[in-house]
Amino acid sequence: MLRLSIPLRQALARLTLPVMVAAAFATMLLGKADALLAERARTALADALAPIWAAVAEPLRAARDAAEEARTLVALRAENARLREENERLRRWQAAAHALEAENALLRRQLDFIPDPAPRFVTARVVADGGGVYARAVLLALHPSHDIRKGQVALDERGFVGRVTEVGARSARVLLATDINSRIPVALEGSRARALMIGTNGPRPRLAYWPEGTRPAEGERLVTSAEGNLFPGGLPVGVVRWSASGAPEVELFARLDRLDLVRLFDFGPDGILPPEAVARPAPRRGGGTAAMARR
Amino acid sequence: MTGRGATPPRPAPPGRKASPPGLLQRLDSFGRASLPGLAAAGLMVLAAAPAGPPGVVAAIGLPAVFFWSVHRPAAMSSPVVFALGLLQDLLGLAPLGAGVLTLLAVHGAAVRWRRPIARQSFPVAWILYCVTAGAAAALGWVLQLLLTLRVPALAPAWHLFLLSAGLYPLLAWPMARLLRVVSRAEEEAA
């Protein structure tokens, strides 16, 4: 240790504060002159202290979690009351649903209504579009042991896509609803009026042959019609849109331009045309199609 | 407590040469001398943890510097104050040097009037501290104005003043306990 005389030491002690103040000003100048230096120093310090903070953060988080838990416990009462009230309301709805269900069952019994069997379906991947004799058709890849038949209905996750027209060992072709050869019997959901959806090769099929007096309303939902026993009724198809030229068109729910997976529903064999008739439609006056030829 | 915090070299008892201080003894005195600064630095680091509330770092440094400068200037010498200020500036985002100068100013003022302040009761000391903290917050604001050449918001300075004024009793109590423990240990050693 350096031995200094007491007066010298006292003088030094008196001097340290001014020296330190000068050093503070120097620090300021340094920080002002080289902003990057301060930034680097801050980063180095933070790097050095990060482990400490990480260690401190654990108990802090535990404390905060405990506080949060306590708050939740306090709020539990209000939450409980709210849930009880909601439960009460839902119970009322449940009662209403049960009543409606019972009434429905009763009405069905009186009507001798035979409920539809739950349809089986197979999901298939779309591997190609176009090709074949149709302008708007897609090709599906199938497992060799499939039991897909012509006439089955294809839907994507949103709605009606088309019908199976050709079936091979490992593939099947689906004629889309937009193809010019497509004729789909539909029903207007609001008025239950029947109509025919006719493909145009464009994105929106036309709507035709609706009954006199029930004009399809803009935005009305269309579902498949069970008429002719071609389709089960009630599959979602699209909504009515009146074109600029004043013709009713159908905006399909299905996204036909980006099909990747479709579900092929087996709604039972009856009502489907014999395969030959679909493949080679019998010529009719005015250009028959598969669907029309059936009539 | 003697006038200066560092124990003055005791006169050797007559007739016997004073034995040079042993290693343990020296470590002991070094620990006592560095404890306040280290404790303040540790608290500041903990307060700067990202989970903590903002603005606490400066509000912790100020009471520590004030208290130790008044009651034990040897433990809170100006280099230690400088280091604490630098740490504060680096932990915070203030321009480098502003916190250093502020803390040095507080230290200088506290050392200059330490005898009158140390004689006061705690509430009066607190009020005096509040005055110092207000002046320090104002000085910090002015320094920031000069260093960034922009008018900084008044809210952070006001926030710092209120926070450090409120934190002072909380910090002064453990520091007073520490001071008493250290003084007693020193008396026993002496």
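Every chain begins its residue count from 1, and numbering advances along the sequence as written. Chains carry letters from A onward and ligands carry numbers from 1 onward, assigned in written order. In keeping with the predicted nature of the model, local features appear solely for residues at pLDDT of at least 70, side-chain atom pairs appear and are counted solely at 80 or more, and the whole-chain, interface and lining totals rest on all residues.

The name an unreviewed UniProt entry assigns to chain B is Rod shape-determining protein MreD, from the organism Caldovatus sediminis.

Where an unreviewed UniProt entry is consulted, chain A appears under the name Cell shape-determining protein MreC, with the organism given as Caldovatus sediminis. In its Sequence similarities (unreviewed entry) section, the UniProt record describing chain A reads: "Belongs to the MreC family." UniProt positions are given in the numbering used here, feature names are shortened, and annotations may be inferred rather than shown by experiment.

Participant: Describe the overall build of chain A, naming the residues involved and giving the relevant values.
Facilitator: Each helix and strand counted, chain A has four helices and 12 strands in total. Within chain A, the fraction of its 295 residues that count as buried is 26%. Contacts spanning at least 24 positions in sequence make up 53% of the contacts within chain A whose residues lie at least 6 apart. Helix and strand definitions here come from DSSP, where helices need a minimum of 4 consecutive H or I residues and strands a minimum of 2 consecutive E residues; each element is numbered from the N-terminal end. Remark: C-beta atoms are placed from the backbone, and a residue is labelled buried if 20 or more other C-beta atoms sit within 10 Å of its own, exposed if 12 or fewer do, or partly exposed between those counts. In this description, a residue-residue contact is defined by the distance between C-beta atoms placed from the backbone, which must lie within 7 Å.

Participant: An account of the pairing of strand 5 (residues 171-176) of chain A is needed here, citing residue identities and associated values.
Facilitator: Both faces of the sheet carry side chains from a regular strand, because those side chains alternate between them. All names here are of chain A. Most of strand 5 is tucked away, with five of its six residues classed as buried. Think of it this way: DSSP has to see at least two bridges between two strands before they count as a pair. As paired strands, strand 4 (residues 160-167) and strand 5 are joined by five bridges and run antiparallel to one another. The partner of Glu166 across the bridge, within strand 5, is Arg173. The hairpin formed by strand 4 and strand 5 contains three residues between the paired strands.

Participant: Can you explain the interface of chain A and chain B? Please cite residues and give values.
Facilitator: In this complex, chain A contributes 21 residues to the contact, which on the side of chain B involves 21 residues. Breaking the side of chain A that touches chain B down by element, the ones donating at least two residues are helix 1 (6-33) and helix 2 (35-111) of chain A. Per element, the largest residue contribution to the side of chain A that touches chain B is 11 residues, and it comes from helix 1 of chain A. Across the side of chain A that touches chain B, the residue classes break down as 16 nonpolar, three polar and two charged. Each residue is assigned to one of three groups, with Ala, Val, Leu, Ile, Met, Phe, Trp, Tyr, Cys and Pro labelled nonpolar, Asp, Glu, Lys and Arg labelled charged, and all others, Gly among them, labelled polar.

Participant: Which residues make up the UniProt feature "transmembrane region" (unreviewed entry) in chain B, and what are the values?
Facilitator: Residues and elements named next belong to chain B. When the UniProt feature table is mapped onto this chain, "transmembrane region" (unreviewed entry) is found at residues 35-68, 80-106, 126-147 and 153-173. From the first C-alpha to the last, residues 80-106 spans 13 Å; its make-up is 78% helix and 0% strand. The straight-line gap between the two end C-alpha atoms of residues 126-147 is 30 Å; of that span, 100% is helix and 0% is strand.

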